[in-house]
Amino acid sequence: MRGLSLGDRVLWRRVKDYVAKYQPFLIGVAGVSQVELTRHAIRSALGEDRAVVAPRQQRSGHRSVAKGVLGVAETENLSWWQLLGRSLVTETLEKEPDTIIVSLYPHRPGQVDWLIQQLPFQMVVATDVQSVHLDYFHDLTTVAHELMSAAVALPAEALLVLNNDDPFVSEMASKAAAQQFSYSASGQAEVMAERFDRRPRGGFAGEVRVHAKSLELHLPQLVGRWQLHAMLAGLQVAHLLGTDLTAAARRLQNLVVPSRHLVKRQGQRQATIYDHTAAVAPEVMLADLATLRALSSQGSDHQRTIAVINELPGLAGMSDRWHRRLGQQAGQTAQIVVGIGRQARALVAEAIEGGADAHHFDTAAEAGKWLPESVQRDDAVLLAGGGAAVSDVL
């Protein structure tokens, strides 16, 4: 633990003692845009069969993960000695965990590798590789290498669950010694979506094959097809841990998607808001625009489609290219495009070229003054990126 402050060294000694004492089954969820929903899906699929600790993490920093293992909420901004006290109180009052789910994000080079060396993970679920923190990782291949360290470090007796639909994730299979299992929404895997259609009233319904078992699944809470991957990962983990699959599928049908992770809600003037302001990668924003296009072509009652896209920081030399690509897709998808942030100027310029009525604002606060007056009844509005500041504009 060289390089950590004294407080973090003490805190991590507490983490290791805690894990050694209770010996929970440790699951790491490694990826970018699908991590949070996948973590929720795994917890939901396992249900009451296991005492699961899976607190929300904002990043994979040393202290953030320590909080997660010890069951302290990420939102509690405490000193290291306060964290120690809070964890002891939690340990006294709560049932000891059977399972702990830790989110492994590629936040800085070496962080995932450090964490996988510190904790005895028995399972890693690798979800997706996307363009984040390129000011540190430089390119997508380096992001993939960071996440691959979670798979490569697993011992032979551990379990590795891979999303076969992501080419960078599927490549991990050839480098890992652990027992390997997969899931897919569009191809072959032990857990795969054999037939899934968007329902007229929202969500998806279809059939999933989990190894030799076939399950009917209705997921009214999902908005984007890419969200299916989290449900499939949840079923794969449930199968591997011996959970009743029929019960797991029933629980997933009632799963509440985490706020701002592409959720449908009502906005001002009875507009329908598709809120993915937690988005941090351009690839998932492109998927969101494809979702908006699919919804508008479904014969819905939406009057107009509006795409509100916040600039994406941390793309380094790829920033202009990605923002222009987003603008091109937005201009072909939505009638009105709103770009927020300095780097979104290129996005707005491309959207105008594509024929959209496009507007640029330097801040979410400025956009928040214009949007409520411009949105009309029955509009469909995609909010992508920007966090709570953008989520609150409508």
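Everything below is about the structure printed above this text.
All figures in this text were calculated on a predicted structure; none of them were measured in a lab.

1. Observations regarding helix H12 (residues 319–333)
In this model, H12 (15 residues) spans 21 Å end to end at C-alpha, consistent with the 21 Å of a helix rising 1.5 Å per residue. Turning to H12, its buried residues are Ser319, Trp322, His323, Leu326, Gly327, Ala330, Gly331 and Thr333. The arc enclosing the buried residues of H12, seen along the axis, measures out at 165°, which places them on a common side. With respect to the buried face of H12, the exposed residues turned more than 90 degrees away are Arg321 and Gln332.

2. With respect to helix H5 (residues 111–118)
Of all eight residues in H5, six are buried; the element is thus mostly enclosed. Within H5 the residues assigned to the buried category are Gln111, Val112, Trp114, Leu115, Ile116 and Gln118. Taken together, the buried residues of H5 touch helix H1 (6–22), helix H3 (62–70), strand S3 (99–104), strand S4 (123–126) and helix H7 (140–152).

3. Some words on the pattern of salt bridges
A full pass over the atoms with the stated rule returns 14 salt bridges. Between arginine 269 and glutamate 373 there is a salt bridge, with its nearest N and O atoms 3.5 Å apart. Here the residue arginine 269 occupies a position in the loop between strand S10 (263–266) and strand S11 (272–276), and glutamate 373 occupies one in helix H14 (residues 364–374), the gap between them amounting to 104 residues. For aspartate 320, the salt bridge identified is with arginine 324, shortest N-O distance 3.0 Å. Taken together, the residues span about one helical turn, with aspartate 320 and arginine 324 both in helix H12 at a distance of four residues. One continuous salt-bridge network, built from bridges that share partners, spans Arg14, Lys21 and Glu91.

4. Points about the sheet that holds strand S5 (residues 159–163)
One open sheet accounts for nine strands, arranged S2-S3-S1-S4-S5-S6-S7-S8-S9; its pairing is mixed. With partners counted over all chains shown, the strands left at the sheet margins are strand S2 (52–53) and strand S9 (213–219), one partner each. Across the sheet, helix H10 (residues 245–253) lies against strand S8 (204–210) and S9, angled at about 15° from S9, the strand it touches most.

5. What to know about the packing of H3 against helix H4 (residues 80–93)
Any two packed helices are characterised by the angle at which their axes cross and by the distance between the axes. Running from N to C, H3 and H4 cross one another at 15°; their axes reach a closest spacing of 10 Å. What the angle tells us is that H3 and H4 run roughly parallel. Our pair here, H3 against H4, has a crossing hand that is right-handed. Where H3 abuts H4, its residues Arg63, Lys67 and Leu70 lie against Trp80, Leu83, Ser87 and Thr90. Class assignment for the residues of the contact of H3 with H4 results in three nonpolar, two polar and two charged.

6. Overview of the sheet that holds strand S12 (residues 305–310)
Spatial ordering of the open sheet is given by S10-S11-S15-S12-S13-S14, a layout of six strands whose pairing is mixed. If you trace the sheet from one side to the other, it starts and ends with S10 and strand S14 (357–361), each paired once. Put simply, the sheet's adjacent strands are angled 20° from each other on average, direction ignored. As paired elements, S12 and strand S15 (residues 380–384) share five bridges and run parallel to each other. Paired with threonine 305 across the bridge in S15 is alanine 380. Each of S12, strand S13 (336–340) and S14 is contacted by helix H13 (residues 345–353), which is oriented at about 170° to S14, the strand it contacts most. Packing of H14 onto the sheet brings it into contact with S12, S13 and S14, and relative to S13 it is tilted by some 155°.

7. Some words on the environment of glutamate 91
If you trace the backbone, glutamate 91 turns up in helix H4. Take glutamate 91: its relative accessible area is 15%, and that puts it in the buried class. Linking glutamate 91 and valine 191, residues 100 residues apart in sequence, is a C-alpha distance of 36 Å. Filtering out sequence-adjacent residues up to four positions away, glutamate 91 remains in contact with Arg14, Tyr18, Lys21 and Tyr22. In this structure the side chain of glutamate 91 is engaged in a polar contact, spanning 2.7 Å, whose partner is the side chain of arginine 14.

About the cut-offs
Residues numbered from 1 in each chain as written. Predicted model: local features only at pLDDT ≥ 70, side-chain atom pairs only at ≥ 80, totals over all residues. Heavy atoms only, no water. Helix = DSSP H or I, 4+ residues; strand = E, 2+ residues; numbered from the N terminus. Expected span 1.5 Å × (residues − 1). Buried < 20%, exposed > 50% of the residue type's maximum accessible area, 1.4 Å probe, protein only. Arc of directions from axis to C-beta. Contact = heavy atoms within 4.5 Å. Salt bridge = Lys/Arg side-chain N within 4 Å of Asp/Glu carboxyl O. Pairing = 2+ DSSP bridges. Axes fitted to C-alpha atoms, helices over the stretch in contact; angles between N-to-C directions. Parallel < 35°, antiparallel > 145°, perpendicular 65-115°, else oblique. Left-handed = near helix turned anticlockwise from the far one by under 90°. Nonpolar A, V, L, I, M, F, W, Y, C, P; charged D, E, K, R; others polar. Polar contact = N/O pair within 3.5 Å; in protein donor to acceptor, adjacent residues only side chain to side chain.

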